Amino acid sequence: SATRTGASPAVIDPSLPGIFISGDTGRLVRALRAAAPGPIDGWDVPDLDLDEPETCSTLVHEKRPRLVIHTAAMTAVDQAALEPGVALRRNGEAVGALARACREVGSGLLLVSTNEVFSGDRTDSRPYVEDDEAGPRNPYGRSKHVGELAALEAFDGAEGLWIARTAWLYGPPGNDFPDKITAAADRVEGPLPVVTDEVGCPTYTPDLARAIFELVARTDGGVFHLVNAGSASRYEWAAAVLAIRRPGRVLRPIGMAEFQRSSEPPPWGVLDTSKAKAAGVELRPWQDALTEYLHDG
């Protein structure tokens with residue numbers, strides 16, 4: 001395996017200069033900047049343009065970073081379903097160009113990926129482990145899987161590539177699931193309908209950011225699942241939010257079939273984090289993170 005704990009040339013000290021984040025805005029970027037133990041540089045449009053994959057290569061060859069944390073992506077899942085070609089270019093082809101350039105100049109690369117590379121068809125209640133077969137059911141998941149494969153091909157088993165799959169991100173500056181469910185609770189009369197048959201791992205971006213820096217400091221590469229511990233349905237997550245923000249608000253359980261959207265998410269998107277935990281990287285239970293966020297906000 002390319003993944004080992006302990007000292008290695010590919011282990012990266014995140015307190016030293018030379019770490020670049022792609023996508024200079026966004027929820028996770030904000031959390032990474034806040035959690036960074038050292039200086040962080042950022043790339044965003046127009047210098048980094050995922051619709052022009054060669055810009056990724058140009059930047060890497062110019063700056064020769066020690067590590068690129070690649071958060072830039074087309075993350076609007078429903079939009080990806082409407083524009084699959086755009087999603088494939090931004091989340092697949094651009095990642096390939098970036099990864100090849102990183103390999104050429106000796107830069108490390110951490111690619112942020114998603115639970116949506118899995119089909120979610122599993123009915124045995126077992127979380128997905130890193131080596132489970134991917135089978136994305138929507139264009140967003142397919143585009144992210146293509147990006148994973150392109151990065152793995154570029155590094156060809158070499159150290160210095162991390163793929164960190166995560167799920168259901170929320171956190172500052174808001175406009176996330178907790179905010180949207182609160183707004184819906186205030187807007188909708190009567191019991192609020194929320195989906196019960198989509199299950200995943202709500203993940204707090206400040207916790208994920210800390211875990212990313214720990215991962216590159218403790219391992220020399222590999223595919224890892226980084227989510228807050230435990231799992232929840234959308235209904236359970238909404239109930240936990242409203243128990244703090246709108247106590248007593250009544251919810252009505254519905255199925256995904258009743259909630260029309262352009263993209264079809266994996267019904268079972270729970271990720272197993274044992275591999276990261278074995279490397280000393282562990283995120284707290286999602287309920288604890290959510291409670292902190294809601295009381296701070």
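Residues numbered from 1 in each chain as written. Predicted model: local features only at pLDDT ≥ 70, side-chain atom pairs only at ≥ 80, totals over all residues. Heavy atoms only, no water.

Let's shift gears to the confidence of the model for the chain. For the chain, the average pLDDT comes to 94, and 97% of its residues sit at 70 or higher. Every residue in residues 1–8 is under pLDDT 50, and counting partners more than four places away or in other chains gives 20 contacts. (pLDDT = per-residue confidence, 0-100. Contact = heavy atoms within 4.5 Å.)

Of the positions making up helix H2 (residues 54–63), those classed as buried are Thr-55, Cys-56, Leu-59 and Val-60. Seen end-on, H2 carries its buried residues on one side only, within an arc spanning 135°. Next to the buried residues of H2 lie strand S2 (40–43) and helix H4 (84–105). Backbone geometry just after H2 places Arg-64 at a positive phi near 45°. (Buried < 20%, exposed > 50% of the residue type's maximum accessible area, 1.4 Å probe, protein only. Helix = DSSP H or I, 4+ residues; strand = E, 2+ residues; numbered from the N terminus. Arc of directions from axis to C-beta.)

The strand order S2-S1-S3-S4-S5-S10 describes an open sheet built from 6 strands, whose pairing is parallel. Edge positions in the open sheet fall to S2 and strand S10 (222–225), since each of these has one partner strand only. Each strand of the sheet is rotated relative to its neighbour by a mean of 20°, with strand direction disregarded. Against the sheet, H4 makes contact with strand S3 (67–70) and strand S4 (108–114), and its axis sits at roughly 155° relative to S4, the strand it touches most. Packing against the sheet, helix H5 (residues 139–155) makes contact with S4 and strand S5 (161–166), and its axis sits at approximately 160° to S4. (Pairing = 2+ DSSP bridges. Axes fitted to C-alpha atoms, helices over the stretch in contact; angles between N-to-C directions.)

Counting residues in hydrophobic clusters, the biggest one holds 30 residues, and the most contacted among them are Tyr-170, Ile-181, Leu-192, Trp-237, Val-241, Leu-242 and Leu-290. At the level of elements, helix H6 (177–187), strand S7 (192–195), helix H8 (234–245) and helix H10 (286–296) are the ones that each hand at least two residues to this core. Here the element with the most residues in this core is H10; it accounts for 5 residues. Excluding its chain neighbours within four sequence positions, the residues that come into contact with Val-241 are Pro-178, Ile-181, Thr-182, Leu-290 and Leu-294. Among the nonpolar cores identified, the runner-up in size contains 27 residues, and Leu-28, Ala-31, Ala-209 and Val-281 belong to it. (Core = buried A, V, L, I, M, F, W, Y, C linked by side-chain atoms within 4.5 Å.)

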